[in-house]
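Now for the letters of each chain:
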Amino acid sequence: MSNTTKKDTDSSTIWGGRFDGGPSEIMERINASIDFDKRMYAQDIAASKAHAAMLVEQNIISAEDGAGISDGLDQISSEIEAGNFEFKTELEDIHMNVEARLTEIIGDAAGRLHTARSRNDQVATDFKLWVRDELDRLDGDLQAFQATLISRAEKHAATIMPGYTHLQTAQPVTLGHHLLAYAEMIGRDRSRVADCRTRMNENPLGSGALAGTSFPIDRQATADALGFDAPTANSLDAVSDRDFALEYLSLASIISVHLSRLAEEIVVWASASFGFVNLPDSFSTGSSMLPQKRNPDAAELVRAKSGRVIGNLNSLLIVMKGLPLAYSKDMQEDKEPVFETADTLALTIAAMTGMFEEITFNADKMLAAAKAANSNAIDLADWLVRVLGKPFREAHHISGAMVKLAEGKGCMLEELSLADMQSIEPDITADVLVVLDIEQALNARSSFGGTAPANVKDACAQARLKYLGK
């Protein structure tokens, strides 16, 4: 029964005169968030300093109290960074832990800090600041990954590999073209990061519990001090909004899907059946039983961790879906999925960047695979349209019949004799043999965005300028 006994803690520490007794042990455990929200200490202290400075400027608190609060908050920041700060579960969260320690340092003046604010607008502000900082870090990680992809694409602008649809060989492409496809995906991811940052950059501080405050505060001043574009326009919305967290988790899910797709390709390419890549020792593991194995575990884990990120998005969507305005304690569950997602993304992006810095490609095997599946059949069809004036559907049928003939003879399409080809299409000439050469086929794909090596080299230069600024 001890787990339901009320604690002797003075409830006035947090709740004031409304309560006579403290919470039960179980209530304390379910209510506390300090174990995870202490990650926001820097943002909490920054927002508190901005709030205190504004209170001084508005003559709501004295300059002496404001200076004491600022100095005390700086001391707390130093203590936390040095690992000397005692986080107390009974104080519930980072906000009350900081305020309680501030009281120990400067006395009753600390109580003036909470003038004209609530923990509702305080946590909304701190959380926004944390997510905003995370978006900036995430963009840097994504840009570094892009830089690696672009560098490898430049090196392999003319390296031939099979391009797939339905995981069936479709047309020859270059490895550089393939890698640039992921650089473009990451580019869209970065644009979503920027959009999210812009949309969320409004300051909730000063919204109070839900209805604003009667004190003559200057919300633009705290917005400016904290790098927000403007204060939020509606106090009810400000304290209950978690769209920014949902949007962060949404874009993180899309990023994770992109990483997972590329990781899947590494798993496939590294298999003995493909043999397109050699994995570095630093991103591979062995088998406890099979001495010959080199397992693509890093790529497999990147692929798997996308499920955790997508699950975190679903988790917060479900938390928020039925909440009336304004703040409800349910919203305390917003931080753990965001924090875990941030950690997961940082790790998976670093893993993919590291792999692509060290991975090597087997150009001969990729070329052989591109040649082995008659991927030049479309070039034959295009030649029939361009030179003989055939309708494409008829040319498609003729080309397919020639592929069938080559398969029956156990040879490749380009190995058919002219007489064999003319048995299906009498008007065909020896000129067709030029377009059946795989390098010629690649060079012919020179439309904008196509896989011709010259295109890929130019696309690498454009991607450097667009995404890396150089």
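Keep in mind that this is a model prediction, so the values were computed, not measured.

A. Quick peek at the overall build of the protein. Looking only at helices and strands, the protein features 19 helices and six strands. By the compact-globule yardstick of 23 Å for 470 residues, the protein is too spread out, its C-alpha radius of gyration being 31 Å. Taken over the C-alpha atoms alone, the protein extends approximately 100 × 55 × 40 Å along its principal axes. Counting only residues that meet the buried cut, the protein has 48% of its 470 residues in that class.

B. Spatial organisation of empty space enclosed by the protein. If you walk through the whole model with that rule in mind, you get one cavity of 30 Å³ or more. Size it by volume and the largest cavity reaches roughly 40 Å³. For the largest cavity, the full set of lining residues is Ala370, Lys371, Ser375, Asn376, Glu414, Leu436 and Ile438. Here the lining of the largest cavity is built from residues that sort into three nonpolar, two polar and two charged.

C. How the structure looks around the packing of aromatic side chains. Per the counting criterion, the structure on display carries eight aromatic pairs. Ring geometry for Trp269 and Phe276: centres 6.4 Å apart, planes at 45 degrees, overall tilted. On the accessibility criterion, Phe276 (2% relative accessible area) is buried. Pairwise contacts between aromatic rings join Phe127, Trp130, Phe244 and Phe339 into one cluster. The ring of Phe127 is capped by Lys335, whose NZ or CZ atom sits 5.3 Å from the centre of that ring.

D. Region of interest: the pairing of strand E2 (residues 168–174). Looking at chain direction, strand E1 (residues 160–165) and E2 are connected through six bridges and run antiparallel. Within E2, the position partnered with Thr165 by the bridge is Gln168. Count of turn residues in the E1/E2 antiparallel hairpin: two residues, of which His166 carries a positive phi of about 60 degrees.

E. Layout of the packing of helix H10 (residues 243–270) against helix H11 (residues 297–320). The geometry of H10 relative to H11 is characterised by a closest axis approach of 8 Å and an angle of 160 degrees between their N-to-C directions. Relative to H11, the element H10 lies roughly antiparallel. Considering how the two elements wind past one another, H10 and H11 form a crossing that is left-handed.

F. A look at H11. Its 24 residues place the ends of H11 35 Å apart at the C-alpha level, agreeing with the 34 Å of an ideal helix rising 1.5 Å per residue. Residues Ala298, Ala299, Val302, Ser306, Val309, Asn312, Leu313, Leu316 and Met320 constitute the buried set of H11. For H11, the secondary structure elements touched by its buried residues are helix H9 (235–240), H10 and helix H12 (335–358).

G. Here's a closer look at the confidence of the model for the protein. Overall, the prediction assigns the protein a mean pLDDT of 91, with 93% of residues at 70 or greater. Contacts for the low-pLDDT stretch residues 1–12, under 50 throughout, to residues beyond four places or in other chains number 20 contacts.

H. Molecular detail of unusual backbone geometry. Cis rather than trans, the peptide bond between Leu325 and Ala326 has omega equal to 5 degrees. Examined against the element boundaries, Ala326 turns out to sit in the loop between H11 and H12. If you check the backbone angles, Asn59 has positive phi at about 60 degrees while not being a glycine. Mapped onto the elements of the fold, Asn59 is located in the loop between helix H3 (41–57) and helix H4 (63–82).

I. Highlighting the packing of helix H6 (residues 119–155) against H10. Where H6 contacts H10, the two axes come as close as 11 Å, and the packing angle between them is 20 degrees. One way to sum up the angle between H6 and H10 is to call them roughly parallel. H6 and H10 meet at a crossing whose hand is left-handed. Taken together, the residues of H10 that come into contact with H6 (itself represented by Ala124, Phe127, Lys128, Val131, Glu134, Leu135, Leu138, Leu142, Phe145 and Leu149) are Phe244, Ala245, Tyr248, Leu251, Ile255, Leu259 and Leu262. Within the contact of H6 with H10, the residues separate by chemical class into 15 nonpolar, no polar and two charged.

What counts, and where the lines are drawn
Residues numbered from 1 in each chain as written. Predicted model: local features only at pLDDT ≥ 70, side-chain atom pairs only at ≥ 80, totals over all residues. Heavy atoms only, no water. Helix = DSSP H or I, 4+ residues; strand = E, 2+ residues; numbered from the N terminus. Rg over C-alpha atoms; globule rule 2.2 N^0.38 Å. Buried < 20%, exposed > 50% of the residue type's maximum accessible area, 1.4 Å probe, protein only. 1 Å grid on protein atoms, 1.4 Å probe; cavity = no way out; pocket = protein on both sides within 12 Å on 5 of 7 lines; lining within 4 Å. Points joined across faces, edges and corners; volume = space filled by probe spheres on them. Nonpolar A, V, L, I, M, F, W, Y, C, P; charged D, E, K, R; others polar. Phe/Tyr/Trp six-rings, centres within 6.5 Å; stacked < 30°, edge-to-face > 60°. Lys NZ or Arg CZ within 6 Å of the ring centre and 35° of its normal. Pairing = 2+ DSSP bridges. Axes fitted to C-alpha atoms, helices over the stretch in contact; angles between N-to-C directions. Parallel < 35°, antiparallel > 145°, perpendicular 65-115°, else oblique. Left-handed = near helix turned anticlockwise from the far one by under 90°. Expected span 1.5 Å × (residues − 1). Contact = heavy atoms within 4.5 Å. pLDDT = per-residue confidence, 0-100.

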